[in-house]
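# Structural overview
The primary structure of each chain is shown beneath.
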Amino acid sequence: MDEQRTHVISTLVLNKPGVLQRVAGLFTRRGFNIDNITVGTSEQENMARMTIISKGDEKVLEQIIKQLNKLIDVVKVRDLDPENTVKRELCLIKIHAISEKKRSEVIQYANIFRGRIIDVSPETLTVEITGSPGKIEALIDLLRVFGIKQIARTGPTAISRGTLD
Amino acid sequence: MKGSEAIIKSLKDQGVDIVFGYPGGVLLPLYDVLYDSDLKHILVRHEQCAAHAADGYARASGKVGVCIGTSGPGATNLVTGIATAHMDSSPILAIAGQVGTALIGRDAFQEVDTLGLTMPITKHNFQAMQADEIPGMIKSAFYIASTGRQGPVAIDLPKDVQEQEFEYKADFQIDLPGYKPTRKGHPGQIKKASNLILKSKKPVILAGGGVVLSESSDELLELSKLIKAPVTTTLMGKGSFPEDDPLSLGMLGMHGRKVANLVVDECDCLIVIGCRFSDRTTGKVDEFAPNAKIIHIDVDPAEIGKNVDIDIPIVGDAKIVLTSLIKTISKLKEGNPGSTKEWTDYISDFKINCIPRLSFDDVPLKPQQVIKEIRDSIDYDAIVTTDVGQNQMWMAHYFTSKIPRTFLSSGGLGTMGFGFPAAMGAKVALPENDVVAVCGDGGFLMVCQDLATVREYDIPVVVCVLNNRYLGMVAQWQKLFYDERMSHTHLGEVPDFVKLAEAFGVRGERVEKPGEMKETLQSALKSGEPTLIDVIIDPDEILPMVPPGCGITEIVGEYKVEREVPGEIPYRAPHKEKEWE
Ligand SMILES: Cc1ncc(C[n+]2csc(CCOP(=O)(O)OP(=O)(O)O)c2C)c(N)n1
Ligand SMILES: [Mg+2]
């Protein structure tokens, strides 16, 4: 059996209704795993970039790419090389913090991780952080002791380094 | 122009002259235009038959077949036929009505998510939300359905879009940036394949449905003669190579010919063309062609390596790839003729000793005898369709086909009820050819209401119902693998198929003894009228098979051969290590 690896698959798709369903349906039907999927507009008009994070061996990856390519609304598919890819995620963390002491600790942690406080209420603070999924995990772990009320993560999106396609 | 008029115009612009359909509330605008259109419409008696008929039309003629159904139940009834076409890469266009755009999503009367339902069973599908999208959509649909790896396309058509007025522009463009099928094979791969083929001492060609779809039977024959390699086919590839040729091995797989299964096991180079390595063809994948290097030619890159590991893949249209392959091999051969004579001699011996026995004088009739008489009654350009079950596998195994597009069968989906409506579609496509459907009693009953259609439209197909009063194929598995516990596979004593036919105004005949099939079929064809022949066959006849999950050499059941005293079958047990390494 080949080695299981996490792949970042970047696709350019037509920005039409139903495209997400086509892609998601393909993964379900063929038993491919999806860890994460992000969709947003791209540099090209009428096209969206869909970034899919999936685990599998080389054979599975090959099938994923080929099957994606068969979808008429999928224009381009790339398996991004992990060595030459930057991967970022946005995360919002709402923390229960009333005391001054707690609040200032949260703000300090946020600062160390280059996060920002984007919302404050008498009972809560909301931290915004972007970074690699690992960095986000680390901050979440640190903040857990204060009492996290909610987490909203976008899941990672990715782009190749330099002039690579 | 109205949306509904644009549909008819666009279909006609694509060369469509006939459609199979069934109307309903949301299709009233479209049917109103059909009323005085010269586009011919055949009113089937069940939407499933519309889809199968369009499929049969496509398989027989190579042109895109068109079927129409209303929203909701009309669309769901089309689904089986669309899925059948999808599995066998058959180019059809299915148009389904939809509730008005303002009602979509509100669980309106007869609303169903047709787009969602057909997404996994079409090559692509569309929903028209504006009438001005229709011309481009239909043109794209035909282009997608009929190029690359062919397949069904569905269009979801809301009622108000059919009624909407728009300004028709003749110079519209279609834009499919995500669709660029590869046609030419990679020259480097073709060179590699040619070298491997010339080095091989025991080559075999496996031809799939892709050979039929790409119209490359001539090239297949030429390649086989050039490299002196025997040819076996999948069910879908049947007809792509003349089965009376000395180099033909017949069908491979679960119900394949013994010679084909054993020779593929032994070969050192397997050249696979337009084939998706279905489990029904390969048997246990790990034991498939254990001694061979495999060359795989296919237009769909996703088929390469999907089920079986490939040594030399070539992505491209089989016709174009085979043409270059033949050229390259011919050139390379000049200095080095090579020889597979030992191999082909061995295979001829082998073949002679396991030609399946067809002649039986038993009553009730043996299906082999029936099939022999059918073969003797019709020309090679006659089109036969099969249903699914024993009838299908008997036909695949025993019936000799020579010409592509003359053997039509539901392979991938194995859809009972396919045979009769597909025959109807084939006959409509090619009225000059005789068309015979060979069905099981179970499968035919699933679609028998369309006897009304063949009567009303005078479509003179002949349906041979191989009547064993059993869901024979399931019964066969119960006999072989479930201790003969015949759970719910006996069909009882009704109907009387002759009377059933007559109730529809269709000729009904019954055949019970050897010799009668030939006579009855010939007179049915001569009559020029739709005819049903009720053929009473032996319910106990079993077709030898490879049990699921086994290697294809592990055939169970008695393999009856033509020779009275069969010679020793010179099969050499496989040497599991690859000779090449
Ligand atoms: C629509 C559908 N339902 C069920 C099956 C499962 N099935 C495969 S073969 C078969 C028996 C077919 O019986 P019959 O049509 O009488 O043909 P026979 O095998 O007797 O020739 C069944 C039930 C199927 N292939 N298709
Ligand atoms: Mg039966």
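Note that the coordinates shown come from a computational prediction; the quantities given were computed from them, not determined experimentally. (Residues numbered from 1 in each chain as written. Chains lettered and ligands numbered in written order. Predicted model: local features only at pLDDT ≥ 70, side-chain atom pairs only at ≥ 80, totals over all residues. Heavy atoms only, no water.)

### Focus on the interface of chain A and chain B
- Taken together, the 19 residues of chain A in the interface contact 19 residues of chain B.
- Both sides together, the interface formed by chain A and chain B hides about 1500 Å², and carbon and sulfur atoms give 55% of it.
- Inspection of the chain A/chain B interface yields two salt bridges.
- A:Lys70 is the salt-bridge partner of B:Asp300, the closest N and O atoms lying 2.6 Å from each other.
- The interface formed by chain A and chain B includes six residue pairs in polar contact (both at pLDDT 80 or more).
- Elements with a contribution of two residues or more to the side of chain A that touches chain B: helix H1 (19-29), helix H2 (58-70) and strand E4 (74-80) of chain A. (Contact = heavy atoms within 4.5 Å. Buried area = accessible area lost by both parts, 1.4 Å probe. Salt bridge = Lys/Arg side-chain N within 4 Å of Asp/Glu carboxyl O. Polar contact = N/O pair within 3.5 Å; in protein donor to acceptor, adjacent residues only side chain to side chain. Helix = DSSP H or I, 4+ residues; strand = E, 2+ residues; numbered from the N terminus.)

### Quick notes on the packing of aromatic side chains
- Summed over the entire model, instances satisfying the criterion amount to twelve aromatic pairs over all chains.
- When the ring of A:Phe27 is compared with that of A:Phe32, the centres are 5.8 Å apart and the planes differ by 80°; the resulting orientation is edge-to-face. With respect to class, A:Phe27 is no different from A:Phe32; both count as buried.
- Between the aromatic rings of B:Phe420 and B:Phe444, the centroid separation amounts to 5.4 Å while the plane-to-plane angle is 55°, which identifies the pairing as tilted. Of this pair, B:Phe420 sits in helix H17 (residues 419-429) while B:Phe444 is found in helix H18 (residues 441-445), placing the two residues 24 residues apart along the sequence. Comparing B:Phe420 with B:Phe444 shows no difference in burial state: the two are buried. (Phe/Tyr/Trp six-rings, centres within 6.5 Å; stacked < 30°, edge-to-face > 60°. Buried < 20%, exposed > 50% of the residue type's maximum accessible area, 1.4 Å probe, protein only.)

### Thoughts on the coordination of the magnesium ion (ligand 2)
Residues and elements named next belong to chain B.
- Distances from the magnesium ion (ligand 2) to its protein donors, Asp441 (OD), Asn468 (OD1) and Tyr470 (O), fall at 2.0 to 2.1 Å.
- Counting gaps between the donor residues of the magnesium ion (ligand 2) yields the pattern D-x26-N-x1-Y. Within this pair, whereas aspartate 441 is found in helix H18, its partner asparagine 468 is found in the loop between strand E16 (462-467) and helix H20 (472-481), the two being separated by 27 residues in sequence. (Donors = N, O, S within 2.8 Å, 3.2 Å for Na, K, Ca; no water.)

### Let's talk about the environment of B:Arg276
Residues and elements named next belong to chain B.
- Within the fold, arginine 276 resides in the loop between strand E10 (269-273) and helix H12 (279-282).
- Among the residues examined, arginine 276 registers a relative accessible area of 25% and is labelled partly exposed.
- Counting along the chain gives 27 residues from arginine 276 to glutamate 303, while the straight-line C-alpha distance between them is 5.8 Å.
- With near-sequence residues (within four places) excluded, arginine 276 lies in contact with Met87, Arg149, Glu303, Asn307 and Gly412.

### Re the domain arrangement of chain B
All names here are of chain B.
- Split into domains, chain B comes out as domain 1 (3-163), domain 2 (187-353) and domain 3 (367-536).
- Its C-alpha centre places domain 1 at a distance of 37 Å from the equivalent point of domain 2.
- Contacts between the two partners involve seven residues from domain 1 and, on the opposite side, six residues from domain 2.
- Buried area between domain 1 and domain 2, both sides added, is near 630 Å², and the carbon and sulfur share of it is 54%.
- Taken together, the connections running from domain 1 to domain 2 amount to two salt bridges.
- Notably, a salt bridge pairs arginine 149 with aspartate 300, separated by 2.9 Å at the nearest N-O pair.
- Along the contact surface separating domain 1 from domain 2 lie three residue pairs in polar contact (both at pLDDT 80 or more). (Domains from an automatic or database assignment.)

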